[in-house]
Structure formats: C-alpha cells, structure tokens
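Given next are the chains, with one letter for each unit.
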Amino acid sequence: MNATGYPFLMLLTAVALSNLILMNSGSIDQVCKDSVQATITQFPDEKFAPADLAVSVNILDRPNMTWQSGNYGGEIAYYPASVVKLFWLAFLAHQVEIGKVKMTEEDQRAARDMIVDSNNDATGAVVNLSTGALPGPELKGKEYDAWLAKRMQANRWYESLGYKGINVLNRTYNEGPYGREAQAIGRPAKNRNSLTANATCRLMSEIALGKIVGKDKCNWMLGLLKREIPVDNPKADDQSINFIGGILASNTVLHSKAGWTSDANHDVAYLKMPDGREVVIAVFTIKPNNEKILQALAKNVLSNLGYPVRG
C-alpha cells in the first residue's frame with residue numbers, strides 16, 4: 001500500500017497532518033499494520049510470517065519534548081546485529097557525563113568508527129572503556145560474577161530508565177566470542193543481544209530531543225550518526241544507500257544506525273523532513289537478508305504518514 005491508500009491524509013496540509021497524527025496514535029498503529037501487510041504482499045516469494053517484520057514510529061513534538069508513537073510488532077525482541085552499537089554509544093555518553101569515563105582522542109576515534117563505519121573492533125574498545133569488563137580467558141566463581149556484574153552495567157542503566165525487553169550485554173564480533181565473553185553469551189547463545197523496535201525507536205528519539213543524557217552529549221552522538229543521503233550526495237555510505245536513507249526525498253536530514261547479518265536487516269533513523277517535521281522510525285526485518293524489503297517497509301510507512309519519499 002502507498003499513500004493513495006489514505007486519501008484523506010493527502011488532502012491535509014503538512015501542519016494539519018502532523019496535528020492529526022499527534023491527536024490519534026491509533027492511526028499510526030494502523031498505518032504500521034497496513035504497511036507491514038503491504039510489504040508482505042510485495043514479496044510473496046519470501047513467505048513472511050507476521051513476526052518477521054516489525055516497525056516502530058515516533059512523531060516528534062519538539063516544543064513539548066515528547067512524541068506520539070505507533071508500531072507493529074514493536075515489542076518483539078530480535079537479534080539486533082549492529083543496531084546495538086547505538087545503545088553502547090548512549091551508555092558511553094552516560095558514563096562520560098557522570099564522570100566514570102574520561103575520553104581520549106583514541107576513545108573518540110573508537111566511538112566514531114563504531115557508529116560511522118560499524119567497526120566491530122571499535123565496538124569492543126567502547127564496551128571495554130564504558131564497563132571495564134575486559135575480554136580474556138574463562139573465569140570461575142566470584143571472579144566471573146564480578147566480571148559479569150561490570151558487563152551488565154549497561155543493561156542495569158537502561159532498566160533504570162524503564163526500557164523493557166532488551167539485552168545489550170555483548171559487544172559485536174567478526175567471528176565470535178571466546179573465553180569469558182563466550183561464557184556470558186552461553187551455549188547455545190541464550191544471552192545474545194536482543195532489542196525491540198520500540199526500545200530502539202525510543203532511544204533514537206531521546207537522543208534527537210536531547211533527553212537520554214545532557215544536550216551536549218546528545219549533540220555529540222548526533223554528529224556521529226549524521227549521514228548523507230544518496231539522492232543528494234553520490235558519496236553517501238552503505239548504511240544510508242542500502243537502508244532507510246536510500247528511499248528518502250531530497251533535503252531530508254538523516255541520522256541513523258543500521259545492522260545486518262546473513263538473515264537480518266535492521267535500521268533506526270531520525271529524520272528531519274524538508275518542511276521541518278521530525279520523525280524517528282525503526283524497522284527490523286529477518287529472513288532473508290534483503291535490503292529491498294526493509295526499504296519497502298520504511299517507504300510504505302513514511303508515505304502513508306504523509307512524508308516525502310522517493311519513487
């Protein structure tokens with residue numbers, strides 16, 4: 001389904017549309033549900049189950065520092081791949097803000113490479129810095145418990161803020177964990193990272209509004225998350241071209257963090273539209289690894305909410 005499925009929305013001015021949605025979150029839920037169904041219909045050969053796709057949307061209300069939300073499958077926990085790096089970035093910013101971490105230029109480089117390039121080695125450096133739970137050989141008894149308590153700091157912080165259904169225990173790996181990090185994940189990997197679209201959308205919204213930590217630290221994070229979009233810059237990176245950035249209309253401002261594996265594509269994006277409206281969208285897709293599916297779902301949702309997209 002595209003925007004023509006909601007003709008009444010297309011008759012409204014941009015401002016009136018925004019106000020309508022802010023008064024009726026149920027309409028956002030319905031758009032998300034219809035957009036998921038439309039995406040499943042677009043890709044019949046993939047034989048999607050409904051839980052293979054999830055989307056969460058927050059329409060930002062900057063004057064009131066809040067948002068109106070809607071979702072489909074937003075509470076389902078998925079393996080997040082590199083989207084978890086957004087959560088480690090925010091936790092690092094928190095640790096710096098409360099004085100537990102003092103960042104050097106090398107630490108700044110690691111944070112930048114973790115987000116901009118999605119570098120897994122850089123992520124390990126950030127996790128080590130922000131928790132003090134260093135990798136190494138297996139541990140036993142109280143030594144292991146003490147190490148795990150350090151590594152669990154990020155989870156405890158997000159829980160204290162009311163985040164639900166998430167696990168950000170682990171860093172990301174090129175080949176896999178070993179030693180005490182393998183102990184933490186377990187065999188089978190019962191303690192793998194997991195995120196919901198709703199939690200991911202919330203975190204990006206709180207960064208965009210300067211709420212998750214102080215405004216200066218949020219602006220620092222936004223600087224790392226900023227990406228060019230291909231319609232405006234042929235040098236846009238893969239996390240833009242192959243994800244939500246690839247369907248955005250000219251002059252849309254994009255901040256995002258994507259994640260992908262052999263059987264998943266996820267993205268969370270904070271968008272400032274050419275007319276100034278602001279929206280955050282998180283899209284999780286599994287089975288198969290096909291960026292066209294993620295882009296189709298994002299396009300369906302955004303166009304059905306009255307936002308400009310390409311094609």
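Here, the structure is the one placed above.
Since this is a predicted model, take the numbers as computed values, not measurements. (Residues numbered from 1 in each chain as written. Predicted model: local features only at pLDDT ≥ 70, side-chain atom pairs only at ≥ 80, totals over all residues. Heavy atoms only, no water.)

Enquirer: So, the pairing of strand E8 (residues 278–286): which residues are in play, and what are the values?
Expert: Along E8, 8 of the 9 residues are buried, which leaves the element largely enclosed by surrounding structure. Sheet analysis places strand E1 (residues 53–61) next to E8, joined by 7 bridges and oriented antiparallel. Bridged to Leu53 within E8 is Thr285. Across 9 bridges, strand E7 (residues 264–272) lies against E8 in antiparallel orientation. (Buried < 20%, exposed > 50% of the residue type's maximum accessible area, 1.4 Å probe, protein only. Helix = DSSP H or I, 4+ residues; strand = E, 2+ residues; numbered from the N terminus. Pairing = 2+ DSSP bridges.)

Enquirer: Quick one: what's the story with the pairing of strand E2 (residues 66–72), residue by residue and with numbers?
Expert: Regular strands place side chains that alternate from one sheet face to the opposite one. For E1 and E2, the ladder comprises 7 bridges, and the chain directions are antiparallel. Within E2, the residue paired with Ser56 across the bridge is Asn71. From the end of E1 to the start of E2, which pair antiparallel, there are 4 residues, and Met65 there has a positive phi angle of about 55°.

Enquirer: Account for the side chain of Asp52, with residues named and values stated.
Expert: You can see Asp52 is positioned in the loop between helix H3 (25–42) and E1. Among the polar contacts listed, one links the side chain of Asp52 to the side chain of Lys287, at a separation of 3.5 Å. Apart from residues no more than four positions distant in its own chain, Asp52 is found in contact with Tyr78, Phe284, Thr285, Ile286 and Lys287. (Polar contact = N/O pair within 3.5 Å; in protein donor to acceptor, adjacent residues only side chain to side chain. Contact = heavy atoms within 4.5 Å.)

Enquirer: Residues and numbers for the packing of aromatic side chains, please.
Expert: Considering all chains together, one arrives at 9 aromatic pairs under this definition. Ring centres of Tyr78 and Phe284 lie 5.6 Å apart, and the angle between their planes is 80°; this geometry places the pair in the edge-to-face category. Of this pair, Tyr78 sits in strand E3 (residues 77–78) while Phe284 sits in strand E8, and the two are 206 residues apart along the sequence. Following the ring pairs from residue to residue traces out a cluster consisting of Phe87, Trp88, Phe91, Trp157, Tyr158 and Tyr163. If you follow Arg192 out to its NZ or CZ, it ends over the ring of Tyr79, 3.8 Å from the centre. The ring of Tyr163 is capped by Arg202, whose NZ or CZ atom sits 3.8 Å from the centre of that ring. (Phe/Tyr/Trp six-rings, centres within 6.5 Å; stacked < 30°, edge-to-face > 60°. Lys NZ or Arg CZ within 6 Å of the ring centre and 35° of its normal.)

Enquirer: So what's going on with unusual backbone geometry? Which residues, and what values?
Expert: A cis amide bond links Arg187 to the next residue, Pro188, at an omega of -5°. Residue placement: Pro188 occurs in the loop between helix H9 (180–185) and strand E4 (195–196). Non-glycine residue Lys47 carries a positive phi angle of around 50°. Following the sequence through the fold, Lys47 ends up in the loop between H3 and E1. One non-glycine residue with positive phi stands out, namely Ala81, at about 50°. Looking at where Ala81 falls in the secondary structure, it is placed in the loop between E3 and helix H4 (84–97).

Enquirer: I'd like a description of helix H7 (residues 141–151), backed by residues and values.
Expert: Among all positions in H7, only Tyr144, Trp147 and Arg151 are buried. All buried residues of H7 fall inside an arc of 65° around its axis, so they share one side. The secondary structure elements touched by the buried residues of H7 are H4, helix H6 (120–131), helix H8 (153–160) and H9. (Arc of directions from axis to C-beta.)

Enquirer: Which residues make up helix H11 (residues 215–225), and what values go with them?
Expert: Residue pairs spaced three or four apart in an α-helix point in one direction, given the helix's 3.6 residues per turn. Of all the residues in H11, the buried ones are Lys217, Cys218, Met221, Leu222, Leu224 and Leu225. All buried residues of H11 lie within an arc of 160° about the axis, which places them on one face of the element. What points out from H11, more than 90 degrees from its buried face, is the exposed set Lys215, Asp216 and Gly223. Turning to H11, the residues buried within the fold contact H4, helix H5 (105–116), helix H10 (197–208), strand E5 (226–227), strand E6 (253–261) and E7.

Enquirer: So what about the packing of H5 against H6? Which residues, and what values?
Expert: Close contact between H5 and H6 brings their axes to 8 Å; oriented N to C, the two are set at 125°. Taken together, the axis directions place H5 and H6 in an arrangement best described as oblique. When you trace H5 past H6, the crossing you get is left-handed. For the pair H5 and H6, the contacting residues are Asp107, Ala110, Ala111, Asp113 and Met114 in the first and Ala122, Thr123, Ala125, Val126 and Leu129 in the second. (Axes fitted to C-alpha atoms, helices over the stretch in contact; angles between N-to-C directions. Parallel < 35°, antiparallel > 145°, perpendicular 65-115°, else oblique. Left-handed = near helix turned anticlockwise from the far one by under 90°.)

Enquirer: An account of the state of the cysteines is requested, with residue identities and associated values reported.
Expert: Following the criterion strictly, the structure yields 0 disulfides and no others. Cys218 carries a free sulfur, and the closest cysteine sulfur to it, the one in Cys201, is 15 Å from it. (Disulfide = S-S within 2.5 Å.)

Enquirer: Provide a residue-level description of the sheet that holds E8, including the pertinent values.
Expert: A sheet is described by the order of its strands in space; here 6 strands give the open sequence E2-E1-E8-E7-E6-E5, paired in antiparallel fashion. Across the chains shown, the open sheet's two edge strands, defined by having one partner strand only, are E2 and E5. Its contacts with the sheet place helix H13 (residues 291–304) against E1, E7 and E8, and it is angled at close to 145° to E8.

Coordinates in, geometry out; function isn't part of it.
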